[in-house]
Amino acid sequence: MKKWLPVLASCGALLGVLPMTAVAQQRPAPDASSALAKGEYLARAGDCIACHTAPEGKVFAGGLPMKTPFGTIYTSNITPDPETGIGKWTSDQFYAIMHTGRFPDGGLVYPAMPFGSYTKVTRADSDAIYNYLRSIPAVR
C-alpha cells in the first residue's frame, strides 16, 4: 500500500475534497500477483475515468468537454485505439506524459490535465496503469 501512496495523494489533491484514506478505502487492493489488477486499481484510485469518459460515452474514450478560460478542451482517448488513443504509444511515452505534461507529438496536456499532480507516480505504477489501459477494448 505504501508504494501506491503517491498516486492516492495525487488523487486526493486533484479531488480536493476526499482525504487520501477515504479514496483508499473505496476499493479493496487487488491481489498483488496480478499486474493488470494493480493497474486497474491505480487507474481507479487516480480517477482516470472522471476526465477520460464523457457522459454517455465509452469508458476511457475521452471527449469530455472541460470549460477553461482558454475555451473548451475535450479530454483525450486513453483506450488502446491506434489512431485516436494510446495504441501507438510506448510505456516510455506514457510515463513521460505524466512527468513532462507533453503528448508524444510534443503538444501540451496542461491545462486540461494537471500533470504536476502525477509527477510522483513511480515508473512501476505508470507501467501498471499503461498495461491495464492497453488491455481494455479499444474505442475509436
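Here the structure is a predicted model, which means the values were calculated and not measured. (Residues numbered from 1 in each chain as written. Predicted model: local features only at pLDDT ≥ 70, side-chain atom pairs only at ≥ 80, totals over all residues. Heavy atoms only, no water.)

1. Looking at the overall build of the protein
Phase 1: Regarding its fold elements, the protein presents six helices and two strands.
Phase 2: For the protein, the α and β elements follow one another from N to C terminus as α-α-α-α-β-β-α-α.
Phase 3: Considering the protein as a whole, with its 140 residues, one finds that 35% of them fall into the buried category. (Helix = DSSP H or I, 4+ residues; strand = E, 2+ residues; numbered from the N terminus. Buried < 20%, exposed > 50% of the residue type's maximum accessible area, 1.4 Å probe, protein only.)

2. Things to note about the nonpolar core
Phase 1: Counting residues in each nonpolar core, the largest one holds 20 residues, and the members touching the most others are Phe 60, Ile 86, Phe 94, Met 98, Ile 129 and Leu 133.
Phase 2: Elements with a contribution of two residues or more to this core: α3 (35–45), α5 (91–100) and α6 (123–135).
Phase 3: Considering each element in turn, this core owes the most residues, five residues, to α6.
Phase 4: Excluding anything up to four places from it in sequence, Phe 94 contacts Ile 86, Trp 89, Ser 126, Ile 129, Tyr 130 and Leu 133. (Core = buried A, V, L, I, M, F, W, Y, C linked by side-chain atoms within 4.5 Å. Contact = heavy atoms within 4.5 Å.)

3. Remarks on the side chain of Asp 81
Phase 1: Within the secondary structure, Asp 81 is located in the loop between β2 (71–74) and α5.
Phase 2: If we skip the residues at most four places from it in the chain, Asp 81 touches Ile 86, Gly 87, Ala 138, Val 139 and Arg 140.

4. Comments concerning the environment of Ile 129
Phase 1: Residue placement: Ile 129 occurs in helix α6.
Phase 2: A sequence separation of 94 residues divides Ile 129 from Ala 35, and the C-alpha atoms of the two residues are 9.0 Å apart.
Phase 3: Setting aside chain neighbours within four positions, we find Ile 129 in contact with Gly 39, Leu 42, Ala 43, Phe 94 and Met 98.

5. Comments concerning α3
Phase 1: For α3, the complete set of buried residues consists of Lys 38, Gly 39, Tyr 41, Leu 42, Ala 43 and Ala 45.
Phase 2: Positive backbone phi, approximately 55°, marks Asp 47, located one or two places after α3.

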